[in-house]
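# Summary of structural features
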Amino acid sequence: MRFLINYRLVVLAIVVGLCIYGSNYIPIAMQPNNDLEVWFDKSDPILEAYYDFQKEFGNDRIITLAFKETGGVLTPACIKKIKRIEEGLEQLEGIDRVLSIVNVKDFRKLTKDQTISYQFTSWFNEGLDTITPALKREIENSSLYENRLINKKGDVTILVIHFESFGLVHDKMDKIIPRIKSICNKELGEDNFHLGGADIIDFGLNELSRRDFIKFTGLSYLVMFILIALFYRRTMYLILAFLIAFTTIWLTFSIYGFFGNGLNIFTVMTPTIVIVISLMVSMHIFNEFENSNTNEYDNQEEKAVNCLKKIVSPCFYAALTTMIGFLSLLTSSTAVIKEFGWLSAVGCFLAFVMAFIWSAVLLPYVNIEGEKANRSHNLGQAVSNFSSFILEKSSVFNFLSIFISIVAILGIMNINIDMDPIGFFPKDHFVAKDHQFMEDNWGDYYPIDIVLQTENESQINNIAIINAMINFDAQIVENNLARNTFSYVKVLERFAEVRYNQDLKKILLNPMLNKYFLKSFNRLVANESDILISEDQKKARITVTGSIQSVRALEGSIMEMNKISDEVFNNTTSLQVAGYPALFVKIMNTSFDSMKSSLIMALLLVFIIMLLLLRNFKIAIIAIIVNIFPVIIMLGFLGFSSINLDLATCTIAAIILGIAIDDTIHILYRYQREKREGLSVESALKITHFHIGRVVVLTSLLLFVGFSILLLASLKTVFYFGLLSIISVIAVFYGDIILLTLLLKKWK
């Protein structure tokens, strides 16, 4: 510490230089990115399978644009409007094509000079001035239009916007969607169109992440100023706390941007967490400095050196255990959870380092002039008196602790693991409102891509497989697993209807006719851009249009589809869900395992750290019991509430363990110091609580208020993270003041 104070200006210059250099990377870190692909490690097999699917069948990244036309969609004015929207959208960088009723192709029977021919083309190639009743009937009766691009009433239509297959990065998407809205505003008017799809969800998450980051950072600083001002009423402490928090956050996000990372729904919480941790370290330093007797030292510099020497060890171990809580998230198989873990761990480390650097610089200038911190002693005395009361009524508090724990364990048994992507958003957000409009006026619109692959040498155009695909499609709809399906077979069925006015199954029963039929069909659709069959003819893409479901509901639907597939294909093919939904299910299925693995890892490492610090096996066990208690309480509350264990809430257990141990370390460190003086358990606890009690109360209040800021989040999952953290903080305080006192008395 003497070295740090002697060379504090040099160290300070290095910190300032790093902050200036890091400013180059802050804009990168501030760019939100909630794209589903970044949630996976690049080497993850399911992500590789997703890219393989895109290479073989084209991109599944689409946005559904829907609007309602009171006078009906099939009018010249509306068709021209759709045409203008389509042309405007296709000029945007990043958009590959737009599918609409204007350009979708259908089979047409043409007669010229008494010669009948068939084409696969758009009905609107010849012009848009008139729509005859016959043309209207053709479109309304075509399965390639009706219920796919236009509803049965004919007053709602959708345009399917397809994005480029590769190279569409998230920052480009954030530019494209506002331009899509601008084009639609011009043609349809604001609020008269609605957008849906995975990319709209990503865009909405990015928007809310950016908004919440600014909100959380600003409010966290404001709360910091207010609390420090109320707690200590010293201007220098206020300046010191601000500089510690500011440089910690600045350097943390500089490192984040240096590695090319951007904000997501997890890391948007990091500023609040880092500011709270920075203040906790600061307050322990302030508390030790306040409790030091000025008369024992020649000057303020000596007092600062001695204060920092005394507090560095418990602060270091507290920071280390908090880092462990976050670093345990690296055991997760979800990339963004790992990212959140290492970023917050870096923030914890920097909070410790910055606290001691800035304290070495400014603490010598804090002049208490021998005054006693009466407020500190009064609060410390109150906590000390309360600990004596706990020991007197130990049987009551023992019963209460056991009862609370049992109730919480019962709650844990009711935990529901699930995630609803629309549930991320408040009801008044445009993503939620547009989704509701489309569900009410169009119906299910979310595409789920399935890849059907033959298991032997058979090809998809095998008669038996085509018949099985017809049955598969029918059963999917009959079992309410989808609104409709679109595949190679759907196009075949339409051709059979136009060419022969017959059901496809009947044509396939005629050996002489079906070969000619399939040959004619393949000739007409040979060069179409919609890729429905792989090049080797052994895979088919089936797009099932269903609702945006929670992960568990989606997983149930997939299981039902697999069951139907086994029945109708008689194990001659395999079925695999591809595209975004497959990634979505994989993420959720790993969340609970991530929670268990990270919690076990954190418990093990924290126990080792406690052994190294306290050098007492029994007290290390007590520390673990005290700090697993708030985790049990939080999980019990989760089970009894309607909150699901999802991607955000599954990270809390390990994080709370890491944060909760902070005050426990300071209490036990001081307790052992008093015990070495030969004091009894009761006396050691009274003195410990007298000196440490105030800071435990203040840090608990700080955590409570800090996590309360998350209740203002626009994202519901962040709101729940904040709520569960508050419950945990209350349980942490109970554990440190009540449960720890009881256990130390019991196992003395």
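Residues numbered from 1 in each chain as written. Predicted model: local features only at pLDDT ≥ 70, side-chain atom pairs only at ≥ 80, totals over all residues. Heavy atoms only, no water.

This next bit is on the overall build of the protein. Along its length, the protein carries 25 helices and ten strands. Buried residues in the protein amount to 59% of all 748 residues. Counting only contacts in the protein whose residues sit at least 6 apart along the sequence, the fraction spanning at least 24 positions is 80%. By element, 56% of the accessible surface of the protein is carried by carbon and sulfur atoms, the whole surface being about 30,700 Å². (Helix = DSSP H or I, 4+ residues; strand = E, 2+ residues; numbered from the N terminus. Buried < 20%, exposed > 50% of the residue type's maximum accessible area, 1.4 Å probe, protein only. Contact = heavy atoms within 4.5 Å. Areas by Shrake-Rupley, 256 points an atom, 1.4 Å probe, with all protein chains shown as cover.)

Another point: the packing of helix 11 (residues 300-327) against helix 12 (residues 335-362). One way to put it is that helix 11 packs onto helix 12 with a least axis distance of 8 Å and a crossing angle of 170°. With respect to each other, helix 11 and helix 12 are oriented roughly antiparallel. Across the interface between the two elements, L308, I311, V312, C315, F316, A319, T322, M323, F326 and L327 of helix 11 pack against F340, G341, W342, S344, A345, C348, F349, F352, F356, S359 and A360 of helix 12. Counted by class, the contact of helix 11 with helix 12 contains 17 nonpolar, four polar and no charged residues. (Axes fitted to C-alpha atoms, helices over the stretch in contact; angles between N-to-C directions. Parallel < 35°, antiparallel > 145°, perpendicular 65-115°, else oblique. Nonpolar A, V, L, I, M, F, W, Y, C, P; charged D, E, K, R; others polar.)

Let us now look at the sheet that holds strand 1 (residues 62-68). Ordered in space as 2-5-1-6, the four strands form an open sheet in which the pairing is antiparallel. The open sheet has two edge strands, strand 2 (95-99) and strand 6 (194-196), and neither has a second partner. Each strand of the sheet is rotated relative to its neighbour by a mean of 25°, with strand direction disregarded. Here seven bridges tie strand 1 to strand 5 (residues 156-163), and the two strands are oriented antiparallel to one another. (Pairing = 2+ DSSP bridges.)

If you look at the biggest cluster of nonpolar residues, it comprises 271 residues, and the most contacted ones within it are L89, I101, I180, F266 and L363. Element by element, the count of residues in this core is highest for helix 12, at 17 residues. Each residue touching L363, except ones within four places of it in the same chain, is listed here: Y237, L240, I285, F289, A304, C307, L308 and W358. (Core = buried A, V, L, I, M, F, W, Y, C linked by side-chain atoms within 4.5 Å.)

With respect to the helices, strands and loops of the structure, S100 is situated in the loop between strand 2 and strand 3 (106-112). Taking relative accessible area as the criterion, S100 reaches 0% and is therefore assigned buried. One polar contact links S100 to E86, side chain to side chain, over a distance of 3.1 Å. Non-local contacts of S100, meaning those with residues more than four positions away in its chain, are made with I82, E86, L149, I158 and L159. (Polar contact = N/O pair within 3.5 Å; in protein donor to acceptor, adjacent residues only side chain to side chain.)

Our focus in this paragraph is helix 4 (residues 45-57). End to end, helix 4 covers 18 Å across 13 residues, agreeing with the expected 18 Å (1.5 Å per residue, within 8%). Turning to helix 4, its buried residues number three or more, namely L47, Y50, F53, Q54 and F57. For helix 4, the angular spread of the buried residues around the axis is 110°, confining them to a single face. Away from the buried face of helix 4 by more than 90 degrees, exposed residues P45 and K55 are located. In the segment just after helix 4, G58 is the residue with positive phi, at about 90°. (Expected span 1.5 Å × (residues − 1). Arc of directions from axis to C-beta.)

On to a nonpolar patch on the surface, then. Judged by side-chain polarity, F399, I402, F403, I406, V407, I409, L410, M413 and F640 come together as a nonpolar surface patch covering roughly 940 Å² of accessible area. The element that contributes the greatest number of residues to the nonpolar patch is helix 14 (residues 394-412), accounting for seven residues. Mapped onto the elements, L410 comes out in helix 14. (Patch = residues over 30% accessible without salt bridge, like charges linked within 9 Å, V, L, I, M, F, W, Y side chains within 5 Å. Salt bridge = Lys/Arg side-chain N within 4 Å of Asp/Glu carboxyl O.)

A few words now on the sheet that holds strand 10 (residues 573-578). Taken in spatial order, the four strands of this open sheet run 8-9-7-10, and their pairing is antiparallel. If you trace the sheet from one side to the other, it starts and ends with strand 8 (484-486) and strand 10, each paired once. Averaged over all pairs of adjacent strands, the angle between strand axes in this sheet comes to 25°, irrespective of strand direction. Direction of pairing for strand 8 relative to strand 9 (residues 539-546): antiparallel, over a ladder of three bridges. The residue bridging F486 from the neighbouring strand is T543, located in strand 9. Helix 20 (residues 551-569) contacts strand 7 (446-454), strand 9 and strand 10 of the sheet and is inclined by roughly 160° relative to strand 10.

Contact pair helix 2 (residues 8-22) / helix 9 (residues 235-258): the axes reach a minimum separation of 9 Å and the direction vectors enclose 45°. Taken together, the axis directions place helix 2 and helix 9 in an arrangement best described as oblique. Handedness of the crossing formed by helix 2 with helix 9: left-handed. Contacts between helix 2 and helix 9 involve V15, L18, C19, Y21 and G22 on the former and, on the latter, T247, W250, L251, S254 and F258. Its residues assigned to classes, the contact of helix 2 with helix 9 comprises seven nonpolar, three polar and no charged. (Left-handed = near helix turned anticlockwise from the far one by under 90°.)

The next point concerns the packing of aromatic side chains. Ring pairs (aromatic) are described by centroid distance and by the angle formed between their planes. Summed over the entire model, instances satisfying the criterion amount to 32 aromatic pairs. Ring geometry for F352 versus F356: centroids 5.0 Å apart, planes at 55°, classification tilted. Here F356 and F352 lie together in helix 12, a separation of four residues that amounts to about one turn. Judged by relative accessible area, which is 4%, F356 ranks as buried. Between the NZ or CZ atom of R148 and the centre of the ring of F486, over which it lies, the distance is 3.7 Å. Residue placement shows R499 over the ring face of Y500; its charged tip is 4.6 Å from the ring centre. (Phe/Tyr/Trp six-rings, centres within 6.5 Å; stacked < 30°, edge-to-face > 60°. Lys NZ or Arg CZ within 6 Å of the ring centre and 35° of its normal.)

For the rest of this paragraph, the subject is helix 16 (residues 463-478). The terminal C-alpha atoms of helix 16, which comprises 16 residues, lie 23 Å apart, in line with the 22 Å expected from a rise of 1.5 Å per residue. For helix 16, every residue scored as buried is listed here: I465, I466, A468, M469, I470, F472, D473 and I476. Sitting at the amino-terminal end of helix 16 is N462, which places a side-chain oxygen 2.8 Å from the backbone nitrogen of A464. Once helix 16 finishes, N480 follows within two positions and takes phi at roughly 55°, a positive value.

On inspection of all chains with the given rule, the structure shows 17 salt bridges. The residue K539 makes a salt bridge to E56 at a minimum N-O spacing of 3.0 Å. Pair noted here: K539 is in strand 9 and E56 is in helix 4, with a separation of 483 residues, a long-range link. On the accessibility criterion, E56 (28% relative accessible area) is partly exposed.

Structurally, S557 can be placed in helix 20. In this structure S557 comes out as buried when scored by relative accessible area, which is 9%. The contact partners of S557, leaving out residues within four places of it in the chain, are L481 and Q549.

Despite not being glycine, D191 shows a phi value in the positive range, around 70°. Mapped onto the fold, D191 is located in the loop between helix 7 (170-188) and strand 6.

With that out of the way, let us pick up the environment of F53. On the secondary structure map, F53 appears in helix 4. Among the residues examined, F53 registers a relative accessible area of 4% and is labelled buried. With near-sequence residues (within four places) excluded, F53 lies in contact with G58, D60, D449, V451, R541, A578 and G579.

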